[in-house]
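Chain by chain, the residues run as shown.
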Amino acid sequence: MKELLLVSSGINAEYGDGQKLDSSSYANWMTKGEAQVQPDMWQVEDDRQTAARIYRKIRKNHDESGVWDDTFKDKLHPYICKFNVPVHYLIFPEGKTWHEAKADCEARGFYFAKIRNKAENDIFVENAKLVFEEDRHERKFHHQNWIWIGATDLKSQGTFAFYDDEPIKFTIPWAKKQHDNKTTKKQGSQDYAAVSRWGEWDDSYGLDWKRPYACQCNPKGIKMDLEMERINKEWEGLAAKKQKEKEDAEAAKKAIKEERKKKKEERQKVKEERQRKKEERQRKKEENQRKKEEQKDANSKKKEERQRNKEERQRKKEEAQQKNKEEKERKKAEKEAKKEASKAAKAARKAAKAAAKAARKALRGGMELMEKRQWPSRVGGAGRRGERSIEAEKRQWPSYNGRSRGKREIDVEKRQWANYGAQRKAERNLEAEEEDPDIVPPFIPGQQ
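Every chain's residues receive numbers from 1 upward, in the order its sequence appears when written. Owing to the predicted nature of the model, reporting of local features is limited to residues with pLDDT of at least 70; listing and counting of side-chain atom pairs is limited to 80 or more, with chain, interface and lining totals taken over all residues. Side-chain measures were taken over the full set of non-hydrogen atoms in the model, leaving aside hydrogen atoms and water.

1. Some points on the overall build of the protein
No. 1: Under the DSSP-based scheme used, a helix requires at least four consecutive residues in state H or I and a strand at least two consecutive residues in state E, with every element numbered from the N terminus. For the protein, the count of helices and strands is six helices and 17 strands.
No. 2: Expressed as a percentage of its 448 residues, the buried residues of the protein come to 28%.
No. 3: Intrachain contacts of the protein at a sequence separation of at least 6 include 68% that bridge at least 24 residues.
No. 4: The method behind every accessible area is Shrake-Rupley, applied with a 1.4 Å probe, and residues are considered shielded solely by the protein chains displayed. Of the roughly 32,600 Å² of accessible surface on the protein, 50% is carried by carbon and sulfur atoms. Only protein chains enter the calculation, and the probe is 1.4 Å; a residue is then buried if its accessible area is under 20% of its type maximum, exposed if over 50%, and partly exposed in between. The contact criterion used is simple: two residues touch if any of their non-hydrogen atoms lie within 4.5 Å.

2. Describing the packing of aromatic side chains
No. 1: Stacked, edge-to-face and tilted labels apply to pairs of Phe, Tyr and Trp rings (six-membered ring for Trp) whose centres lie within 6.5 Å, assigned for plane angles under 30 degrees, over 60, and everything in between, in that order. A full pass over the atoms with the stated rule returns 10 aromatic pairs.
No. 2: Pairing F92 with Y213 gives two aromatic rings, centres 5.2 Å apart and planes at 25 degrees, and the pair type is stacked. Here F92, found in strand β9 (residues 89-96), pairs with Y213, found in strand β17 (residues 211-216); they are 121 residues apart in sequence, far enough to count as distant. For the pair shown, F92 and Y213 are each scored as buried.

3. Details of a positive patch on the surface
No. 1: Taken together, the side chains of K346, R349, K350 and K353 make up a positively charged region of the molecular surface.
No. 2: By the secondary structure assignment, K350 is in helix α3 (residues 226-374). A patch is a set of surface residues, each over 30% in relative accessible area and not in a salt bridge, joined within 9 Å for like charges and within 5 Å for the nonpolar side chains Val, Leu, Ile, Met, Phe, Trp and Tyr. Here, a salt bridge means any side-chain nitrogen of Lys or Arg that lies within 4 Å of a carboxyl oxygen of Asp or Glu. A positive count includes Lys and Arg, and a negative count includes Asp and Glu. His and the chain ends are not counted in either. Throughout, a charge is located at the NZ atom of Lys, the CZ atom of Arg, the CG atom of Asp or the CD atom of Glu.

4. Brief notes about the side chain of K118
No. 1: One can find K118 in helix α2 (residues 118-131).
No. 2: Residue K118 is classed as buried on the basis of its relative accessible area, which comes to 15%.
No. 3: Excluding residues within four positions of it along the chain, K118 makes contact with F170, I231, N232 and W235.

5. Focus: the confidence of the model for the protein
No. 1: Values of pLDDT, which run from 0 to 100, indicate the predictor's confidence residue by residue. Residues with a pLDDT of 70 or more make up 71% of the protein, whose mean pLDDT is 76.
No. 2: Confidence scores differ between elements of the protein, with helix α4 (residues 381-396) showing the lowest mean pLDDT of 53 and helix α1 (residues 98-107) the highest of 92.
No. 3: The low-confidence segment residues 1-10, where pLDDT is below 50, has 29 contacts with residues more than four positions distant or belonging to other chains.
No. 4: In the model, residues 443-448 has pLDDT below 50 throughout and makes 25 contacts with residues more than four positions away in sequence or in other chains.

6. What to know about the nonpolar core
No. 1: Ranked by size, the top nonpolar core spans 21 residues in total, and within it I115, F124, I149, I168 and W201 carry the most contacts.
No. 2: Put simply, the parts of the chain that give this core at least two residues each are β9, α2, β11 (146-152), β15 (192-196) and α3.
No. 3: Apart from the residues within four sequence positions on either side, I149 is in contact with W98, F112, A113, I115, F124, A193, V195 and W201.
No. 4: Put simply, buried Ala, Val, Leu, Ile, Met, Phe, Trp, Tyr and Cys residues joined by side-chain atoms within 4.5 Å make one nonpolar core. C105, F112, W146 and W148 belong to the second largest nonpolar core, which has 14 residues in total.

7. Notes on the pairing of strand β8 (residues 68-71)
No. 1: Alternating positions in β8 separate into two faces, W68 and D70 on one and D69 and T71 on the other, with burial throughout.
No. 2: Relative to β8, strand β7 (residues 51-54) runs antiparallel, the two sharing four bridges. Residue pairing for β8: A52 is matched across the bridge by D70. In this description, strands pair whenever DSSP reports at least two bridges between them.

8. Brief notes about α1
No. 1: Inspection of α1 places W98, A101, D104 and C105 among the buried residues, and these make up the whole buried set. In an axial view of α1, the angular spread of the buried residues amounts to 125 degrees, which keeps them on one side of the axis.
No. 2: Just past α1, the residue G109 takes up positive phi, approximately 90 degrees. The directions from the helix axis to the C-beta atoms are what the arc is built from.

9. Topic: the state of the cysteines
No. 1: Any two cysteine sulfur atoms lying within 2.5 Å of each other are counted as a disulfide. The final tally for this structure, using the stated rule, is one disulfide.
No. 2: Between C105 and C215 runs a disulfide, and the two sulfur atoms are separated by 1.8 Å. What sets the handedness of the C105 and C215 disulfide is the S-S torsion sign, and at about -80 degrees it is left-handed. Here C215 lies in strand β17 and C105 lies in helix α1, a separation of 110 residues in the sequence. Residues C105 and C215 agree in their burial class; the two are buried.
No. 3: Cysteine C217 shares no disulfide, and the gap to the nearest cysteine sulfur, in C215, comes to 8.8 Å.
No. 4: A residue is classified by how much of its surface remains accessible, and C217, at 43% relative accessible area, is partly exposed.

Structure follows, in structure tokens:
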């Protein structure tokens, strides 16, 4: 690299490397009319105008760009360098955002870099090697590995073009898995293009990422030659082949994916069918289990009902048996009581009959005794007559068959008995008669 221009004392000038400017060398010193007015070597105190500068534009509406002038060395001006190799892109290693880089290129009198084909992309890589002495950073997407260029997709997301809307017509050598157009709330979306030091492109966050940047002198780009055309043709052919391979791979991948999806769906259907059958079996099992439980409950209820009925029948049977037993015992007791009563009555009747018989016997004895006393002379025949009299009396009183007689007759009988013992027996007989009317009363002669 050389200093751009130095002007020595006097009219003769030379470059910083000692190359002389003579009458055959190109010069474009400022003129006024037909007369050359520069360099005038103006001196201020000990300082003299010994440095050369080139005007970008002197006056408005005048084509005076590129005019030479001499000036002081301590003046601050933009500068231009000459490389010992052909240079199309000027790459600045200091980090700036994408918009800062574009503004800086324009402030320097350059244009934000454009890469229009693969040949220029290769030239860009070669120019980058002149700037960076160190090797690339180990981390691929480190900022020092990437250089801003004037391409963006701000106006059409996903379609990159240059900042002045010039379209990019060649196949961009994107890095692997790029461009992905990631988006964050803080940084926005990746809308700005950067080229790596080895030639791959990437879409990046240009609002806050600071990276090296590239400018260029000629806005129209590099004039194409046969070598560049060959490089571009090979690249496009290779890119088309890669694109086709990519499309074929994507198609194959898509087919495989569809086949896998189809098989997955079939497996899913089989799985669902199995699951459905399993659920159906489970449902039937549960239904059968439920029916069994219901049947079991019903059987249990029937069994309980039968048991209750059995117990009820047993209880009723026991109650009936107890009742029958009690009834039998009551009847037996009643029968025993009746039997005892009957027995007692029979004994009483027997006793009454015996008493009545004894009373009758006593009465007959008393009557005979009385007759004997009334008719003492009647012995033998008289006795037989007395018996006949008694029989006649029996015929006269047909009621003498054991039937009852009135109380009056009893009183008469009592008065007739002179013997106290006979009278007491008669009284006992009467008392027995009152208890049992079936007892036959004794026959008393002379009473009706």
